[in-house]
Amino acid sequence: MRKRIIFLFLFLMFGIVPLLSAQQRQITGTVTDNSGVPLPGVNIIVKGTSTGTQSDFDGNYTISAAANQTLVFTYVGFASREVSVGNQANINVSLEEGESLEEVVVVGFGTREEDKVIQTISVVEEAELEDIPSGGSPQNLLQGQSSGVQITGASGVLGARTSVRVRGVNSLTGGAQPLFVVDGVPIDDSSQTFGLGGGAVNPLASINAEDIATFTVLKDAAATAIYGSRGSNGVILITTKKGKKNQKPVFTLESFIQVSSATDVPKVLTNQQYGQFYSDVLNIQNDTDTFTPESLRDDFGIDYTGPGFDWLDAATRTGYSYSQNLSVRGGGENSTYYLGVNHTDSEGFIIGNNLETTGLRLNLGTDISDNFRAGANASYTYSQNDRINEENSTFAAFTAGQLITPNITPTDEDGNFVPSGQTGQNFVGIEALNTSLVNTTRFIGNAYVEADFFDQFTYRLSVGIDQRFVENRFRSSEVFTPGGSAEVAIAEVDRFIVNNTLNWNNSFGNHNVSALMGTSFERTNTYFSDVSSTGFLTDALPNVGSGSTAGDFSVTTSGNRLIGYFGQANYDYDGRYLLEGSIRRDGSSRFGENNRFGTFYAVAAGWNIARETFMDGSIFNRLALRASIGTTGNDRIGDFSRFATFGSADYNGNPGLTNTNAANPDLKWEETESFDVGIKSAFLDNRIRFDANYYRKTTTDLLIPVPVPPATGVTSVTRNAGSLENSGFEFDLGVTPVRSQDFEWNININLSTIQNEVTELPGAGTDSQGRQFLQGTPVQRAIVGESANSFYTVRFAGINPDTGDAEWFDINGNRTSTYSANDRVIVGDANPDFYGGLRTTFQYKNFDLSALFNFSVGNDILIDGFRFSRNPNFVGSFNLDPYVLDYWTPTNTVANVPSPASSTFGTYANQSTLQLLDGSYLRFKNVTVGYNLPSEFLSNTKLFSSVRIYATATNLFTIKGDELDGVDPEVTDSLNPLALGESFFVAPQSKSYVVGLKASF
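None of these values were measured; they are calculated from a predicted model.

Let us now look at the overall build of the chain. Along the chain, the regular secondary structure elements total nine helices and 55 strands. Its C-alpha atoms give the chain a radius of gyration of 31 Å, near enough to 30 Å, the size a compact globule of 1001 residues would have. Principal axes of the C-alpha set define a box for the chain whose edges measure 100 × 65 × 65 Å. Considering the chain as a whole, with its 1001 residues, one finds that 52% of them fall into the buried category. Long-range pairs, those at least 24 residues apart, make up 69% of the contacts in the chain with a sequence separation of at least 6. Surface summary for the chain: the accessible area is close to 41600 Å², and the carbon and sulfur share equals 55%. Charged side chains of the chain number 67 positive and 108 negative; the gap between the two group centres comes to 8 Å.

Shown next, in the form of C-alpha cells:
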C-alpha cells in the first residue's frame, strides 16, 4: 500500500510539472569509488533510453539528459547507482564496492558470484572497517560485525591476544581459535612470547589494519571443508588492498592521533579509609576501642594518617597513539599494484606499555598474456613492544595497583626506588628501571602464476611463506633482584606453503559446471633458545654476557608437516538450482602412524527462488534457500603428542632422563560434523535484507588427556575420547529506511544464539555425582551433559542479618555457615544465550556518521580477583575495595561483608558465586563522524582527488549491571577453550578518541 501511495504521489507531481523538464541539458561529473579514487570505464546510461557513455581514464564523463530523467551508473564489482538529474548540471557519484548481486566473493581456493554462494559466510567490507582503531589486534575489527563470531578482548594491554570463537567452542584441548588466511597464506598464530602473568603478544599484530580490504568468515562445512584438518573452528580470510587496471597512480595519505584511557577502573581504599577500617576490625575482633590510625602509627610504625600513595592511579595514565599510513595504487592495461607503508607509535593507558610498529606491503599482479598471469603479495613488519606484566602477576601494574597498601610509597626519602616489601611489587620502579622488550620481525608473502588453456581450464601454482623472528629481552635492576638478572629468549618460526590447483569451468545451455582439484603442502619449523645470567656489577651493563653467574641455557626445536589432496565440484541450472560437493584428505605428522590421514567432505545445495518465473514482479530482489552437511578436522595439539618423549631429571645429583609422554600410534584427528540450513533474502529494492541460519556441529574423537597408571611414569596421555555439540541460530538484518540523492540511512543488526553440550568423555575423571568431566580452571569444567564452560563452585547465600555470619548453600541446598569445597555444584555458564552487534550509518551530502554497538546476554563471568580485593580478612596485607566497608554490625544488619568478629570473616571470600557475576552488556563500541571536502573545492586545488576529515570514539560507554561497577564485562584472561570468561585482575578495554585526516591525490 505504501508503494502505491508513493507512486501515485510521484505520478500526480510529475503530471502537473510543465514540460520544461523534458528539455535536454549537458551533464558532467566524476565517478569515484568510496575512497575517492576515480573509476575509468563506468557505464552511464539515461534510464529507459539507449543514450549512454563511459567515464574516461580520470573518471570524468559528459552526457545529455533532461531534468525528469535518471542516470544509471554501473561498474563491474560495484553496486549500481541511480541519480535523478533534476536541475543539476554537475553530478559527481561515488560507487560502493561489494554490494551488487554479481559481486565476486572469495571462498576457499576460488571465488563465487555472490548470488551463487550456498556456503554460510560473512563478509565485512573495507567501508565497515574504516576508522575503527584495532589496538594492535586486527581481530578486533570484526567485533559485533559478523553473526556467529564472538570476539573477546583478552585485556586492554597494547597488542594483547584476542579470543575469537566462530560458532562456539568445538574442541576442549585442541585449540578453539579459527584458521587465519592472509591473501591465501594460512598464517602461524602461535605466540612465541613469554606470558608475563597473562596472555602473550598477539601474533596477528603484525598485520596492518589499514591494509585490510575485507574479512570473510567461513562458518559451515561447505565453506571450511576445503581446508580439511584446519577448518573445524572456522576460517577467517583476510584480503588486503589491491590496485585496479587502467588506473593512474593514486596516493593516499592517512594520519591520525589517538588519546586513550581505561573504560572501567575499580576503586581502592584511600590511606585514611584503610587506617580507619583496619582499626575498626582490630577493635571488633579484640572487643576494645583502643585501636586508631594514630595508635597503629605510634605503636606499630604503620602510618595510615597521611595522604598515602594512590597505586592504582599510578598504574594508569593517558595513552597516546600516532599513526601514519601512505599508500599508492593503480595499474596499467595489464597490471595492478598496491604499495603501503605504515608507522604507528603507541603508549597504552597502563604505565610502561608501549608499542611501535613499522610495516611495508607490496601487492602486484600482471597479465603476461591473455592466458597467463602472475602476481605476488608481500608484507614486512617490524615491531618493538615495551611489554608489561599482565593479570596473574604481582609485577603487573594493574594487579599490584589494587594490592599494595596505600601507606607504601615507591621511593624512599631520597627519591630512590625501593621494593614495596609486599606481595604486590613496586611497578613504578620496575617500569622505570627494568627492561622487558619483545622485538618481532615478520615476513608474510606469496607468489603465484596462473595459466588458462583449452578455454576451460586454469592452473594455479602458489608458494607462500610466513617467517617470524621474535626476540624477548629482559633485564631486572639490582634494586628488585639482588645482583640484577638478564635473560634473552629467541624464537624463530618458518612456515612454507605450496598449493597447486586446477580449475575447470564450462557452460552449455542453462547448465553451468565447474570443478577444482589440488594439492597443498605445509612445513612449519620452530626454534627456541633461552639464556640467562645473574650477578651484575652495575645496572649499566645490560647484556646477558655481563652477568657473573650463568643461568639456565636451553635450546628446543619443533616442527610439523601437513599434506592435503582436495577436490570440489559445482553445478547450477540457470542460477536457480545449485549443488556443490567437496572432499579433502589430509595427512599430518602430528598424528600416529596408524591414523595419520583423515578424510573430510561437504555437500551443499541451494535454490534461488527469486529467479523462478513465478517470482517475476514480486517484492524480492533475492530469495534463496540453502543447506549443507560435512566434516572438518582439528590438529591443534603438540607436535610430538604421538611420541614417547623424555626429559632431563636429577637422580641424587646425577643427570638422567624421565618419561614425559607415552607413545600413542593410534592418535588421530578430531572430527567435527556440521549441518547447516538457511535462508537469504533481499526485497523492496534491496531496502530490506534478511538472512537466517540454523547450525548443529558435533565434534567426535576429542583430543583430551586421559589418566594412565602411575607406573608408566606419566599421569596422562593424549587420546581420542569424547564428543561435544554446538548448535544455534544466526540472524542478519539490514534495512535502508532512507535512500535519496543527498541522504542515505542504513541499519545492520546481527544476532546469534549458542547451545553447547559435552556429550561424552570416556576415560575422564568423575565428580561426586558420578559425572565425567575435564578440569579447565579451579572453578570451570567441561561436564558430560552440560556446557563445556560450566562454572562449578559453592553457592554463596549472603550475610545472615541476625548473626553477621557469611552463609553458603550446601550440596542439598541447605544454608550453612561452614564453607566446604564438597558443596560445589554447577552454577553458571560462560557462554552467552545470545550475542551480536548493531551498526548504523548516515550519509548526508558530504557528511557521514556511523555507530557500532556490540552486546552479549546471558553469560556469566568470574572476577577471581575479588578473592583478594574484596577479602576483608586481608586487611593489613593488601589494599581493598571500598566494598568491604559495608560490614555487618548490630546497627547495619543488611551488609556485604560478615562481622569482623564472625568465625566466617576469614572464609567469606573463598571461591564461590560471590565472585560470579552476570556478564551481560551492551557496549557503544564505535562512533565516527566524517566530512569529505566538496569535489568542486578540490578541483580548484588541482592537487587532491579526495580529502576526508574524521573523528572517532571507541568504547564510549557500556550498559551493564550495577554489580559490574568498576569491572569490564568483556573479559577473558585465557585462550584455553576450557577457561572462558574469567578474570584475575585483567586490565580493562581502552576508551579512545581519534582525530584523523585521509587524503588522496
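With that settled, consider the packing of aromatic side chains. Counted under the stated rule, the structure contains 33 aromatic pairs. Centre to centre, the rings of Y573 and Y577 are 6.2 Å apart; their planes meet at 10 degrees, and the pair counts as stacked. A residue is classified by how much of its surface remains accessible, and Y577, at 36% relative accessible area, is partly exposed. Centre to centre, the rings of F847 and Y931 are 4.5 Å apart; their planes meet at 40 degrees, and the pair counts as tilted. Here F847 is found in strand β48 (residues 847–857), whereas its partner Y931 is found in strand β51 (residues 921–932), with 84 residues between them in sequence. Residue classification places F847 among the partly exposed positions, given a relative accessible area of 49%. A connected cluster of aromatic rings, assembled from ring pairs, spans F868, F874, F878, F984 and F985. Just above the ring of F773 sits the side chain of R781; from NZ or CZ to the centre is 3.9 Å. Geometry around Y883 places R870 over its ring, the cationic atom sitting 4.2 Å from the centre.

Quick look at the sheet that holds strand β43 (residues 795–799) now. Within the open sheet, the three strands sit side by side as β43-β44-β45. Their pairing is antiparallel. The two strands at the open ends of the sheet, each matched to only one other strand, are β43 and β45 (815–816). Strand direction decides the pairing type here: strand β44 (residues 806–809) and β45, joined by two bridges, are antiparallel. Counted as the bridge partner of W808 is T816 from β45.

Time to look at the nonpolar core. Y274, F277, Y278, F796, V875, L880 and Y908 are the most contacted members of the largest nonpolar core, which has 25 residues in total. Counting residues per element, the ones that place at least two in this core are α3 (271–286), β43 and β44. If we ignore the near neighbours within four places in the chain, the residues touching F796 are A806, E807, W808, F809, Y908, S912, T913 and L914. Counting residues in each nonpolar core, the second largest holds 24 residues, with V149, V164, F180 and I444 among its members.

Further remarks concern unusual backbone geometry. Phi angles above zero are rare outside glycine, and D287 is one such case at about 50 degrees. What makes D287 exposed here is its relative accessible area of 73%. Even without glycine at this site, N955 takes up a positive phi of about 55 degrees. You can see N955 is positioned in the loop between β52 (946–954) and β53 (958–960).

Time to look at the pattern of salt bridges. Overall, the coordinates contain 36 salt bridges when judged by the stated rule. Here R373 and E450 are joined by a salt bridge, their closest N and O atoms 2.9 Å apart. Placement of the pair is R373 in strand β21 (residues 372–386) and E450 in strand β22 (residues 435–453), with a sequence separation of 77 residues. A salt bridge links R867 to D864, with the nearest nitrogen and oxygen atoms 2.6 Å apart. One salt-bridge network, in which partners are shared between bridges, spans D264, R923, K925, K960, D968 and E970.

Our focus in this paragraph is the layout of surface pockets. Of the volumes computed, that of the second largest pocket is approximately 950 Å³. D189, S190, R590, R636 and I637 are, among the 38 residues lining the second largest pocket, the residues nearest its centre. Only β25 (511–534), β26 (549–573) and β34 (703–707) provide two or more residues apiece to the lining of the second largest pocket. For the lining of the second largest pocket, the residue count by class is ten nonpolar, 18 polar and ten charged.

Turning our attention to the pairing of strand β23 (residues 457–476). Consecutive residues of a regular strand have side chains that alternate between opposite faces of the sheet. Two strands pair when backbone bridges link them, and β22 and β23 are joined in this way by 19 bridges, in the antiparallel orientation. Bridging across to β23, E450 finds its partner in R460. Alignment of β23 against strand β24 (residues 485–508), held across 20 bridges, turns out to be antiparallel. Bridge pairing in β24 places I465 opposite F496.

Overall, mixed pairing links the three strands, which are arranged β4-β1-β7 in an open sheet. Looking along the sheet, the strands with just one partner apiece sit at the ends: β4 (60–66) and β7 (93–95). The mean angle between the axes of side-by-side strands here comes to 40 degrees, regardless of whether they run parallel or antiparallel. With seven bridges joining them, strand β1 (residues 24–33) and β4 adopt antiparallel strand pairing.

Further remarks concern the environment of Y577. Looking at the secondary structure, you find Y577 in strand β27 (residues 577–588). Non-local contacts of Y577, meaning those with residues more than four positions away in its chain, are made with Y571, D572, G606, W607 and E612. Of note is the side chain of Y577, whose polar atom sits 2.6 Å from the side chain of E612.

Structurally, R923 is set in strand β51. R923 has contacts with T263, D264, L852, F853, N854, N955, F957, T958, D968, P969, E970 and Q989, leaving out every residue within four places of it along the chain.

Our focus in this paragraph is α3. Compared with an ideal rise of 1.5 Å per residue, which puts 16 residues at 22 Å, α3 spans 22 Å between its outermost C-alpha atoms and is within 8% of the ideal. For α3, the full list of buried residues reads N271, Y274, G275, F277, Y278, S279, V281, L282 and N283. Elements in contact with the buried residues of α3: α4 (293–300). Just downstream of α3 lies D287, where phi reads positive at about 50 degrees.

A few words on the side chain of T214. Here T214 shows up in strand β15 (residues 212–218). Assessed through its relative accessible area of 15%, T214 is described here as buried. For T214, the residues in contact, after removing those within four places along its chain, are V124, E125, E126, L237, I238 and T239.

A few words now on the pairing of β48. Both strand β47 (residues 834–844) and β48 contribute to a ladder of eleven bridges, which runs antiparallel. For F834, the partnering residue across the bridge sits in β48 and is V857. The loop that links β47 with its antiparallel partner β48 comprises two residues; one of these, K845, has a positive phi angle of about 50 degrees. Examined bridge by bridge, β48 and β51 share ten bridges and lie antiparallel to one another.

Bringing the environment of S990 into the picture now. Residue position: S990 is located in strand β55 (residues 990–1000). Of the residues examined, S990 reaches a relative accessible area of 22% and is grouped as partly exposed. Separated by 35 residues in sequence, S990 and N955 have C-alpha atoms that sit 7.0 Å apart. Look past the residues within four positions of S990 in its chain and what remains in contact with it is S260, S261, T263, F349, T954 and N955.

Definitions and limits used
- Residues numbered from 1 in each chain as written.
- Predicted model: local features only at pLDDT ≥ 70, side-chain atom pairs only at ≥ 80, totals over all residues.
- Heavy atoms only, no water.
- Helix = DSSP H or I, 4+ residues; strand = E, 2+ residues; numbered from the N terminus.
- Rg over C-alpha atoms; globule rule 2.2 N^0.38 Å.
- Buried < 20%, exposed > 50% of the residue type's maximum accessible area, 1.4 Å probe, protein only.
- Contact = heavy atoms within 4.5 Å.
- Areas by Shrake-Rupley, 256 points an atom, 1.4 Å probe, with all protein chains shown as cover.
- Lys, Arg positive; Asp, Glu negative; His and termini not counted.
- Charge placed at Lys NZ, Arg CZ, Asp CG, Glu CD.
- Phe/Tyr/Trp six-rings, centres within 6.5 Å; stacked < 30°, edge-to-face > 60°.
- Lys NZ or Arg CZ within 6 Å of the ring centre and 35° of its normal.
- Pairing = 2+ DSSP bridges.
- Core = buried A, V, L, I, M, F, W, Y, C linked by side-chain atoms within 4.5 Å.
- Salt bridge = Lys/Arg side-chain N within 4 Å of Asp/Glu carboxyl O.
- 1 Å grid on protein atoms, 1.4 Å probe; cavity = no way out; pocket = protein on both sides within 12 Å on 5 of 7 lines; lining within 4 Å.
- Points joined across faces, edges and corners; volume = space filled by probe spheres on them.
- Nonpolar A, V, L, I, M, F, W, Y, C, P; charged D, E, K, R; others polar.
- Axes fitted to C-alpha atoms, helices over the stretch in contact; angles between N-to-C directions.
- Polar contact = N/O pair within 3.5 Å; in protein donor to acceptor, adjacent residues only side chain to side chain.
- Expected span 1.5 Å × (residues − 1).

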